[in-house]
Structure formats: structure tokens, C-alpha cells
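Overview (structure and organization)
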Amino acid sequence: SDDAPIAPTRNTRELQPLIDTLNSYVLRLGRLIDIRKRFLDNAAHQLRTPLTVLKTQLALAGRENLTPGASVAVTAAIRTTDNAVHLTEQLLALTRAEHAPDLEALQTVDLVALAREVTQSMWHQAQAQQHDLGFESSVAESVVQGLPMLIQEALRNLVDNALVHAGAGVAVTVRVGPGWLEVEDAGVGIAPRHQAHVFERFYRADAGAVRGSGLGLAIVQEIARQHGATLSLTSPCMGAGGTRIRLQWA
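These notes cover the structure that comes with them. (Residues numbered from 1 in each chain as written. Predicted model: local features only at pLDDT ≥ 70, side-chain atom pairs only at ≥ 80, totals over all residues. Heavy atoms only, no water.)

Topic: the pairing of strand S7 (residues 243-248)
- Covered by surrounding structure in S7 are Thr-243, Ile-245 and Leu-247 only, the residues Arg-244, Arg-246 and Gln-248 on the alternate face being uncovered.
- Taken together, the 6 bridges between strand S5 (residues 180-185) and S7 define a ladder with antiparallel strand orientation. Following the sheet pairing, Val-183 is matched in S7 by Ile-245.
- Pairing analysis gives 5 bridges linking strand S6 (residues 230-234) to S7, with the strands arranged antiparallel. (Buried < 20%, exposed > 50% of the residue type's maximum accessible area, 1.4 Å probe, protein only. Helix = DSSP H or I, 4+ residues; strand = E, 2+ residues; numbered from the N terminus. Pairing = 2+ DSSP bridges.)

Structure representation (C-alpha cells):
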């Protein structure tokens, strides 16, 4: 493997000091990567746990006989906690996307199977928001090299972005072709002045109008970069509205 130590041979006696130095460096690098992976795993757990407990406590408090003022305060606290949980998840996802190539080996991934699974897992969320979430594929399989966890994260963010920002009750379609996947919605579209910025971190075209951290599409952008893939946005994509975002492998 790439991180395996260099084995000495008879013909490398003069180079042995250099080989020893390189092997020592590779060993230290492997330890640092392992430490970073354990730190990310621990940080994820330590950040999620207190927020989950707080959310549970607030939910229990909301069931008590509260005054109207206290009820409003608890509801607002629950909403704020939900936003904090969402932001934490997004920050952790962005960190994973930035560091995953150093921690994991690329695998063969079938985009058709992966996209179908993600679509099915998000169907109830779409129904709860009164959206029609569907899946289409023009190929039986679409194989690329990548990290399944990150590609799933990218697709989930694209679907969630469409469900949140497309407008009420619109059709959202996950679509796969040879070497690409995309999410298309029949919503209001993205104004031209926002299109150059929507992949920037913390950018929100409709700040305050709907929930969101402004990190979802930035995470997709980072995952595309890590995979050497191209991310493209088309809006409008159907008549006067609609948005299509495609992740295309080279």
C-alpha cells in the first residue's frame, strides 16, 4: 500500500539512512492521521450528545402545563436547538468531506444503487413537507471511484436543499446517468444574482425565510472537489423556474 515502509535490499545500503528517514516519516504520518480520525469521531459524539439531551429535555418541558409566555419560550428554544443540531451536523459533514480522502481509500461505487437508497431513505421527509420525491435512471448501473459515505452526504444535501428551498409541494427528482447524478426540482428557481454564490460557505439566498445553515451546497462542492468531479447548476431548467444541480465525474 502507499503507506507501507520501504524494505531494505542489498542494493540500497548507501540509501539506507534516507530509507530509514522516509519510513520514520511515514510511520509518524500514519499516527497523525489515526489521531485526527479518532478526534473527529470523538468530536462528533461529544457535540451531538448534549444537543440531543437538551432537545429531549425541552420536548418534555413542552408537555407540561405552561403559561402562554413559557410555552412560546420553550417552542422558540426547541427551534433554536434544532437549528444548532442541524448546523453541528453540517459542520461535521464539511470536516469529514475535507479530511476523508486522507482517512479512507477510494472504492467502486454504483451511483444507481446509492441514489436509489438515498431517495428511499428521504421519501418520508419529502412527504412530511408535501413534496413529490422521485427517482429516475437512464442506465442499469453507473460505476465511479469514490467514497460512498461522502457521495451519500452530497446527494442528501442536494435533496434536502431542494426540499427546503424549492417552495411548497413541488416535484423533486433524483436522476442518474453514466458517470453523473443530479437533483432537479420544479420550484421557483434561483435568481441569477445568487447563482454565483450558492456554493459558498454560509451563503443564504433567502436568509431568515427558511431554516438552513448555508453549508449544504458548500459541502457538496467540497465533496465534488475531493472526487475530481464537476458541479454544475442550471436554473431555470424548465420554463420560467426549476433548478437542476448535477455532480459529474470526469
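Quick look at the sheet that holds strand S2 (residues 132-137)
- The sheet built from 5 strands is open, its strands ordered S2-S4-S5-S7-S6 with mixed pairing. The two strands at the open ends of the sheet, each matched to only one other strand, are S2 and S6. Sheet twist, expressed as the mean angle between neighbouring strand axes with direction ignored, is 15°.
- Here S2 runs beside strand S4 (residues 171-177); their pairing, made up of 6 bridges, is parallel. Paired with Asp-132 across the two strands is Ala-171, which belongs to S4.
- Its contacts with the sheet put helix H5 (residues 148-165) on S2, S4, S5 and S7, and the angle it makes with S5 is roughly 15°. (Axes fitted to C-alpha atoms, helices over the stretch in contact; angles between N-to-C directions. Contact = heavy atoms within 4.5 Å.)

Considerations on the packing of H5 against helix H7 (residues 216-226)
- Two elements in contact, H5 and H7, have axes whose closest approach is 9 Å; the angle formed by their N-to-C orientations is 150°. In the packing of H5 onto H7, the handedness of the crossing is left-handed. For the pair formed by H5 and H7, the contact residues are Leu-150, Ile-151, Glu-153, Ala-154, Asn-157, Leu-158 and Asn-161 on the first element and Gly-216, Leu-217, Ile-219, Val-220 and Ile-223 on the second.
- When the residues that make up the contact of H5 with H7 are grouped by side-chain class, the tally is 8 nonpolar, 3 polar and 1 charged. (Left-handed = near helix turned anticlockwise from the far one by under 90°. Nonpolar A, V, L, I, M, F, W, Y, C, P; charged D, E, K, R; others polar.)

Quick notes on the pairing of S5
- For S5, a buried count of 6 out of 6 residues is recorded, marking the element as mostly surrounded by other parts of the structure.
- Linkage of S4 to S5, two consecutive antiparallel strands, is achieved through a turn of 2 residues, within which Gly-179 is found at a positive phi near 80°.

Some thoughts on helix H3 (residues 111-121)
- Among all positions in H3, only Leu-111, Val-112, Leu-114, Ala-115, Val-118 and Thr-119 are buried. An end-on view of H3 places all buried positions within 165° of arc, on one side of the element.
- The N-cap of H3, judged by a side-chain oxygen 3.1 Å from the amide nitrogen of Val-112 a few residues on, is Asp-110. (Arc of directions from axis to C-beta. Polar contact = N/O pair within 3.5 Å; in protein donor to acceptor, adjacent residues only side chain to side chain.)

With respect to the packing of H3 against H5
- Relative orientation of the contacting elements H3 and H5 amounts to 50°, with a least axis distance of 10 Å. By the criterion of interaxial angle, the relationship of H3 to H5 is oblique. The element H3 and its partner H5 pack so that their crossing is right-handed. Every residue of H5 that contacts H3 at Leu-111, Leu-114, Ala-115, Glu-117, Val-118 and Ser-121 is listed here: Pro-148, Ile-151, Gln-152, Leu-155 and Arg-156. (Parallel < 35°, antiparallel > 145°, perpendicular 65-115°, else oblique.)

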